[in-house]
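Spelled out, the chains give:
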Amino acid sequence: MILVFLTTVLAVYICKYYWTHRKLFLHAWSIPGPLALPLLGNLVNFRTWKTALFKDYLSFYLRYGGIYRIWAGHNLLVVITDPDMAETLFNLKAEVFPKPVFFDFFSVMFGQSIFFQGDYSAWKKHRKVLNRVFQTGPMTKLIPHLHEKVLDYSERLMTVPCIQRVDKMLYPWQCDVITHTLFGLKFKPTEIDLICYVNKQFFKLFRESIKSVLTQIKCLERFTAFQSKKTILETVTKMGMVNFFVTGHSDHRDSTLDDIKLADLQEELGEAHLDELGLFNIAGIETLTTAFSAVIFLLSMHPEVQAKVYDELISIIGEDFHKKPSLSELENLKYLDMVIKESLRLYPPAYVAPRRATEDIHIGEFTIPKGASILINVAGIHRQPQYYSQPDKFIPERFSPEEYINRPRNCFVPFGIGPRKCIGQKFALLHMKTAFSVLIRRFEFLPSEKYERIEDCLTAFRFVIEFKHGCFVKFRPRV
Ligand code: HEM
């Protein structure tokens with residue numbers, strides 16, 4: 001009797017759910033994609049929860065084309081790999097685009113920051129204030145400071161064993177660069193290590209939240225052990241951030257730096273200031289660590305390319321890496337620029353640009369229904385064979401002016417495009433060029449015994465692309 005009653009209640013609940021969301025299912029049906037089970041959707045398509053879930057999701061374009069849908073439980077995800085559709089979506093007004101539901105995990109921590117902000121006017125206000133830190137003028141003034149940072153770092157590299165797990169080793173350095181150069185706060189190495197530890201714990205939990213089938217069923221989330229772990233970590237992390245970034249104002253402020261820094265914007269941003277600091281801390285460090293690791297790894301596997309970058313550096317800046325490079329010298333490093341672009345094509349740290357449709361969006365012959373999550377598949381766009389012959393190969397010459405001009409601009413989007421494109425793009429490129437101008441003159445990067453071919457170094461699609469089993473490279477001092 002009880003069983004019959006429960007089954008009836010469940011059936012009524014399911015029917016009601018499908019009826020209320022009928023428009024969503026109708027439009028979703030017209031978008032290509034794999035067959036899905038009721039409630040579980042395509043979650044069964046994935047081999048084990050340990051494999052990189054998103055990598056599987058994102059490679060479906062090889063079968064279904066430039067737009068396809070998948071069901072993560074009852075959440076509809078529409079994946080866009082067609083560059084023209086991606087451009088249209090990137091350029092749509094920001095107010096139609098909060099982040100997808102599975103990013104709600106971040107809201108408690110960084111909900112008011114520009115990346116996770118769904119309210120257009122709040123986003124616009126913040127972006128305007130924050131833009132002041134990232135204007136070209138103040139950015140170029142950072143070259144001497146960034147140069148000092150890499151000199152100091154390369155000095156430390158001289159004292160460590162020659163086989164390096166570069167991704168691990170770069171992380172605290174990027175944390176030091178971001179918090180000092182952009183925030184204006186100077187932390188001790190032990191404090192940097194602590195910030196990095198908190199960041200890593202936070203992401204570990206984020207991965208769990210994505211993988212956990214139960215969290216796909218929202219109403220059950222609050223009963224799972226995951227939820228209590230999440231609450232604990234949220235509290236610890238928030239406290240950690242408050243300690244570091246709020247007390248940091250008085251204890252850690254570096255008064256020798258001029259220009260506006262993120263730590264100076266407290267008055268204008270109010271309470272949300274902490275969310276911004278937290279976001280820039282994670283967004284900046286994670287992306288830069290992957291971007292730097294990829295360049296070092298690819299150069300170690302391609303000695304002929306590394307030799308060309310080295311020769312260019314010597315001919316434009318000279319042998320003395322202690323001498324600060326000028327902006328025009330950095331701008332003239334055309335081959336290094338091509339190498340960085342090609343690395344970002346193969347390993348775009350932010351491999352998807354996530355969105356949430358708050359109204360129906362008509363695109364080509366399809367309608368992306370209101371409520372759907374949208375993943376603009378940056379990594380997939382970058383490997384389209386019709387734009388990049390031998391798409392998995394590292395060929396920096398693809399970005400020579402002659403080749404670049406013949407390719408549509410929207411098939412290279414590592415920093416996104418449109419109103420919500422990466423605010424840190426100029427900083428990231430300036431930092432990379434300044435740093436590599438020193439590192440490549442000071443060290444030769446050689447392949448480690450761990451990986452014979454590029455393909456052996458597997459990637460994992462987490463918050464950013466990461467190197468699944470580490471990115472190993474040997475460093476040999478040149479002098
Ligand atoms: C190589 C390094 C980097 C890459 C490849 C990268 C890539 C991206 C991408 C693809 C987006 C999303 C665009 C979208 O959703 O449409 C983004 C947004 C963002 N990035 Fe970066 N990023 C990098 C470095 C940085 C750094 C160093 C910072 C700051 C310290 C930063 C801060 C942000 C912020 C705050 C946003 C959100 C912008 C908004 O929604 O208005 N990024 N980035």
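Because the structure is a prediction, the values reported are computed rather than measured.

A. Here's a closer look at the site of the ligand. Gly284, Ala350, Gly416, Cys422 and Gly424 are the nearest of the 27 residues found near the ligand. Those elements that provide at least two residues to the shell around the ligand are α10 (166-183), α16 (272-301) and α22 (425-442). With seven residues, the top contributor of residues to the shell around the ligand is α16. Split by residue class, the shell around the ligand holds 20 nonpolar, four polar and three charged.

B. Local environment of the sheet that holds strand β2 (residues 75-80). The strand order across the open sheet formed by four strands is β1-β2-β7-β4, and the pairing between neighbours is mixed. Each of the sheet's edge strands pairs with one partner strand only, and the pair in question is β1 (67-72) and β4 (352-356). On average, each strand axis in the sheet is tilted by 25 degrees relative to the strand beside it, whichever way the strands run. With six bridges connecting them, β1 and β2 associate as antiparallel partners. Bridging from a neighbouring strand, Ile70 pairs with Leu77 of β2. Of the strands in this sheet, β1, β2, β4 and β7 (373-377) are in contact with helix α5 (residues 83-91), which crosses β7 at around 125 degrees.

C. Geometry of the confidence of the model for the protein. Mean pLDDT over the protein stands at 86; residues scoring 70 or higher make up 88%. Low pLDDT, under 50, characterises residues 48-52; the stretch is placed with five contacts to residues that sit more than four places away or in other chains.

D. Quick look at the packing of helix α17 (residues 303-316) against helix α19 (residues 334-346). It is the contact of α17 with α19, at a shortest axis distance of 8 Å, that shows an interaxial angle of 140 degrees. Contact residues: Val305, Lys308, Val309 and Glu312 in α17; Tyr335, Leu336 and Val339 in α19.

E. Representation of the UniProt feature "binding site: heme" (unreviewed entry) in the protein within the structure. UniProt feature "binding site: heme" (unreviewed entry): in the numbering of this structure it lies at Cys422. Tracing the sequence through the fold places Cys422 in the loop between α21 (401-405) and α22. You can call Cys422 buried: it has 20 C-beta atoms within 10 Å. Those residues within four positions of Cys422 in sequence are excluded, and the remaining contacts are Phe415 and Gly416.

How each quantity is defined
- Residues numbered from 1 in each chain as written.
- Predicted model: local features only at pLDDT ≥ 70, side-chain atom pairs only at ≥ 80, totals over all residues.
- Near = placed C-beta within 6 Å.
- Helix = DSSP H or I, 4+ residues; strand = E, 2+ residues; numbered from the N terminus.
- Nonpolar A, V, L, I, M, F, W, Y, C, P; charged D, E, K, R; others polar.
- Pairing = 2+ DSSP bridges.
- Axes fitted to C-alpha atoms, helices over the stretch in contact; angles between N-to-C directions.
- Contact = placed C-beta atoms within 7 Å.
- pLDDT = per-residue confidence, 0-100.
- UniProt positions renumbered as here; feature names shortened; annotations may be inferred.
- Buried ≥ 20, exposed ≤ 12 C-beta atoms within 10 Å, placed from the backbone.

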